[in-house]
Each structure stands twice: as C-alpha cells, then as structure tokens.
Amino acid sequence: MARSTSKDAQALFHSLLSAYASTPTNLKVLPPSLTSLLTLFSPFFYHKLNLIHISGIHYQIIDLYVMFAVSTALIQVVYMAIVGSFPFNSFLSGVLSCIGTAVLAVCLRIQVNKENKEFKDLPPERAFADFVLCNLVLHLVIMNFLG
C-alpha cells in the first residue's frame, strides 16, 4: 500500500469540495485548522478513501450512524454505573432507544445493499421510508414507556 501524505488528503478534500461546488457554501480554500488536521490524520483518510471506494459513501454514513447509536448507549450504561439508576425508566428508555435505532439502521443497510439478493426488488426510497416509520413507532413506544 502506498504511503499517503498530507497532499493526498488535501487533494481528496479539494476534489470533494469541487464535487459539491453547487451547494450554497462554495468553499474554495481549506481553513488552516482543517489543513493541520489533515496532516495529522492523513493515513486514516487514505484508508477511509479506499474503504469508501469499495463500499460507497451511503453505507459509510449508515455505519457511522450505527456506531454513534451504540456508543451513546454505552455512554449511558457507564453513566448509570457511576451515578446510579434512580429514574430507571429513563435509563431503560434511553438505552433501548439507542439500541433499537441501531438495529433499525442495520436493517436499512441490509435492505439498501445492492449485493443482497433478498431485497433486490425493494427500492432504496422504500427502505428509507420503512426505516423512518419504524423509528417513529419505536420512539412513540419509548415516550409512552417514560410515562
């Protein structure tokens, strides 16, 4: 594997910015703070660029969402272990909401994967609509559980 440099990472971000030039932001130059971060994490960005090329940016966004939901649940469990579980319904609601959202996001990722032959006839818009509707029902149940 070739060694990446900060120039590679900057070129990546410049190409991304030019791809989204039609957005209202129209950033032409990277801020200095972002350039220093790119220099620090350039091997990580090179690896992520290869991963995105293989699996697609949509899958990466769903994966980040799942990791965020699971890490939020873990933070809540650690907080409960340190501070205590006085409003136990609130603790259960928060953790079950995070875990339920993560499970629904994994289901969304399975359904939008083009290599999955089980859901090849299901359009991605329908899968996303199912995800949103199931999340709405999940959070209504969670709110009802809170009391």
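Residues numbered from 1 in each chain as written. Predicted model: local features only at pLDDT ≥ 70, side-chain atom pairs only at ≥ 80, totals over all residues. Heavy atoms only, no water.

1. Considering the overall build of the protein chain
Here is step 1: Broken down by element type, the protein chain carries 6 helices and 0 strands.
Here is step 2: Going from the N terminus to the C terminus, the protein chain shows its helices and strands as α-α-α-α-α-α.
Here is step 3: Looking at the protein chain as a whole, 23% of its 147 residues are labelled buried.
Here is step 4: Considering only contacts within the protein chain whose residues lie at least 6 apart along the sequence, 66% involve residues at least 24 apart. (Helix = DSSP H or I, 4+ residues; strand = E, 2+ residues; numbered from the N terminus. Buried < 20%, exposed > 50% of the residue type's maximum accessible area, 1.4 Å probe, protein only. Contact = heavy atoms within 4.5 Å.)

2. Things to note about the side chain of Ser-97
Here is step 1: Looking at where Ser-97 falls in the secondary structure, it is placed in helix 5 (residues 88-112).
Here is step 2: Apart from the residues lying within four places of it in its own chain, the contact partners of Ser-97 are Leu-138, His-139 and Ile-142.

3. Regarding the nonpolar core
Here is step 1: Core analysis: the biggest nonpolar cluster contains 12 residues, these being Tyr-59, Ile-62, Val-66, Ala-69, Ala-102, Leu-104, Ala-105, Leu-108, Val-112, Leu-122, Ala-127 and Phe-131.
Here is step 2: Taken together, the elements giving at least two residues each to this core come down to helix 4 (57-83), helix 5 and helix 6 (124-146).
Here is step 3: At 5 residues, helix 5 tops the list of elements feeding residues into this core.
Here is step 4: In contact with Val-112, not counting residues within four places along its chain, are Tyr-59, Ile-62, Pro-124 and Ala-127. (Core = buried A, V, L, I, M, F, W, Y, C linked by side-chain atoms within 4.5 Å.)

4. Notes on the packing of aromatic side chains
Here is step 1: Within this structure, the stated rule accounts for 3 aromatic pairs.
Here is step 2: Aromatic side chains Tyr-65 and Phe-131 sit 6.3 Å apart centroid to centroid with 80° between the ring planes, which places their arrangement in the edge-to-face category. You can see Tyr-65 sitting in helix 4 and its partner Phe-131 sitting in helix 6, a full 66 residues away along the chain.
Here is step 3: You can call Phe-131 buried: its relative accessible area is 13%.
Here is step 4: Of the aromatic side chains, those joined through ring pairs into one cluster are Tyr-65, Phe-128 and Phe-131. (Phe/Tyr/Trp six-rings, centres within 6.5 Å; stacked < 30°, edge-to-face > 60°.)

5. Description of helix 4
An α-helix turns once every 3.6 residues. As a result, residues three or four positions apart point the same way.
Here is step 1: Here helix 4 is 27 residues long and its end C-alpha atoms lie 38 Å apart, about the 39 Å a rise of 1.5 Å per residue gives.
Here is step 2: Every buried residue belonging to helix 4 is among Tyr-59, Gln-60, Ile-62, Val-66, Ala-69 and Ala-73, and all of these are buried.
Here is step 3: Phi for Gly-84, located one or two positions after helix 4, is positive at around 125°. (Expected span 1.5 Å × (residues − 1).)

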